[in-house]
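This is what each chain is made of:
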Amino acid sequence: MASAPLLDLHVRSYGESREADRHSFAQVVLPVSGEVALEIEGRFGRLDPLHAAFVAPGAWHSQYSSVANRSLILDVGMPGFEQGPWQQLLERPFTAIGPAARKLVEFMGILAAGGAPAPSVLQGWTPLLLDTLTLGAGQPASRLAALLARIEAEPGLPWSTDSMARTAGVSVSRLHALFREEHDSTPHDWLLRCRLQRACDWLAGSERPVAEIALAAGFSEQSALTRAMRRAMDTTPAAYRRARRETRSKTQ
């Protein structure tokens, strides 16, 4: 097994080849962009900018990706973990990255893009990052967070339960179970509500043609958006836009 200094940070991108590895130091995988599939001692997780992984010393692991990706890889010698209350991070290898930790990752990602950060910067940043991640380690992370963020950002993509399950890194049956547990909904119903909300936002806040909004929100055509709004809201796109404009004019 390879050894490493107490702290080391480097940037990596992974391809489709999958090779197993292990080392004597702990490793934190922090995706900056794209997605990476990672297996640690038989446990599988899909990493993205909202999800990180911790590889314990001596643990066999492999990773691969079929899309463009970039990750910060933080190598931490065991004395580094022994000096703080971070052992629990190694005990749950896959975890969500909360807003505070995400800011720290983004900061270091900018620095690393310009070259290796100074050792003093890395020594100050690492304990703060691990402490921040530890604060949320005891809370169950939503397995759907990255998927929902992706759909909200791109509702017009041809989402299906199969593609949603692949993005979340779960089976279709598990996807349905997670939506029931976390949102008391089915994937299809949540997706429809998301698309309707985005369409309403665009209708109220832009001058885009209704047909264009319908396609951007994920509806096959303008009439499909009209039918969905009639069923869910008892209105039409044109009527909704007109009502919102009248409301704004009265408050101005």
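Rules behind the numbers
- Residues numbered from 1 in each chain as written.
- Predicted model: local features only at pLDDT ≥ 70, side-chain atom pairs only at ≥ 80, totals over all residues.
- Heavy atoms only, no water.
- Phe/Tyr/Trp six-rings, centres within 6.5 Å; stacked < 30°, edge-to-face > 60°.
- Helix = DSSP H or I, 4+ residues; strand = E, 2+ residues; numbered from the N terminus.
- Lys NZ or Arg CZ within 6 Å of the ring centre and 35° of its normal.
- Axes fitted to C-alpha atoms, helices over the stretch in contact; angles between N-to-C directions.
- Parallel < 35°, antiparallel > 145°, perpendicular 65-115°, else oblique.
- Contact = heavy atoms within 4.5 Å.
- 1 Å grid on protein atoms, 1.4 Å probe; cavity = no way out; pocket = protein on both sides within 12 Å on 5 of 7 lines; lining within 4 Å.
- Points joined across faces, edges and corners; volume = space filled by probe spheres on them.
- Nonpolar A, V, L, I, M, F, W, Y, C, P; charged D, E, K, R; others polar.
- Pairing = 2+ DSSP bridges.
- Buried < 20%, exposed > 50% of the residue type's maximum accessible area, 1.4 Å probe, protein only.

J.: Just give me the short version of the packing of aromatic side chains, but keep the residues and values in it.
T.: Tallied over the full model, the rule gives 1 aromatic pair. Between the aromatic rings of Phe179 and Trp190, the centroid separation amounts to 6.1 Å while the plane-to-plane angle is 55°, which identifies the pairing as tilted. Of this pair, Phe179 sits in helix α7 (residues 172–183) while Trp190 is found in helix α8 (residues 187–205), placing the two residues 11 residues apart along the sequence. Its end group placed over the ring of Trp202, Arg208 keeps NZ or CZ at 4.8 Å from the ring centre.

J.: Which residues make up the packing of α8 against helix α10 (residues 222–233), and what are the values?
T.: Running from N to C, α8 and α10 point in directions that differ by 105°, and their axes come no closer than 11 Å. The pairing of α8 with α10 is recorded here as roughly perpendicular in orientation. When α8 is examined against α10, the residues Leu192, Leu196, Ala199, Cys200 and Leu203 are found in contact with a partner set consisting of Leu225, Ala228, Met229, Ala232 and Met233.

J.: I'd like a rundown of the layout of surface pockets, residues and numbers included.
T.: If you add up the space inside the largest pocket, you get close to 370 Å³. Considering the residues around the largest pocket, the lining is formed by 21 residues, among which Gly45, His51, Phe94, Thr95 and Arg143 are closest to the centre. Those elements that provide at least two residues to the lining of the largest pocket are β4 (43–47), β5 (51–55), β8 (94–96), α5 (145–153) and α6 (161–168). When its residues are assigned to classes, the lining of the largest pocket shows 11 nonpolar, 5 polar and 5 charged. Considering the residues around the second largest pocket, the lining is formed by 16 residues, among which Glu35, Arg46, Val67, Arg166 and Thr167 are closest to the centre. At the level of elements, β3 (36–40) and α6 are the ones that each hand at least two residues to the lining of the second largest pocket. The leading source of residues in the lining of the second largest pocket is α6, at 3 residues. Here the lining of the second largest pocket is composed, by residue class, of 7 nonpolar, 5 polar and 4 charged.

J.: Could you give an account of the sheet that holds strand β2 (residues 26–33), naming the residues involved and the relevant values?
T.: For sheets, the rule is that strands pair by backbone hydrogen bonds, running either parallel or antiparallel. With antiparallel pairing, the 5 strands of this open sheet are ordered in space as β1-β7-β2-β5-β8. The sheet is open, and its two edges are formed by β1 (7–12) and β8, each paired on a single side. Neighbour-to-neighbour, the strand axes of this sheet turn through a mean angle of 20°, independent of strand direction. Inspection of the sheet shows β5 paired to β8 by 3 bridges, in the antiparallel sense. Note on β8: the bridge partner recorded for His51 is Ala96. Against the sheet, helix α3 (residues 99–113) contacts β1, β2 and β7 (70–76), and its axis sits at roughly 100° relative to β7.

J.: Can you lay out the sheet that holds strand β6 (residues 61–64) for me, pointing to particular residues and giving the numbers?
T.: Across the sheet, 3 strands lie side by side as β4-β3-β6; this open sheet has antiparallel pairing. Among the strands making up the open sheet, the edge pair consists of β4 and β6. This sheet shows a mean twist of 20° between the axes of neighbouring strands, independent of strand direction. The pairing of β3 with β4 spans 5 bridges and is classified as antiparallel. By the bridge assignment, Leu38 is partnered in β4 with Gly45.

J.: An account of the pairing of β7 is needed here, citing residue identities and associated values.
T.: The buried fraction of β7 is high, at 6 of 7 residues. Pairing geometry for β1 and β7, over 6 bridges, is antiparallel. When the bridges of β7 are listed, Leu9 appears paired with Leu74. By the bridge criterion, 7 bridges tie β2 to β7 in an arrangement that is antiparallel. Along β7, the bridge assignment pairs Pro31 with Ser71.

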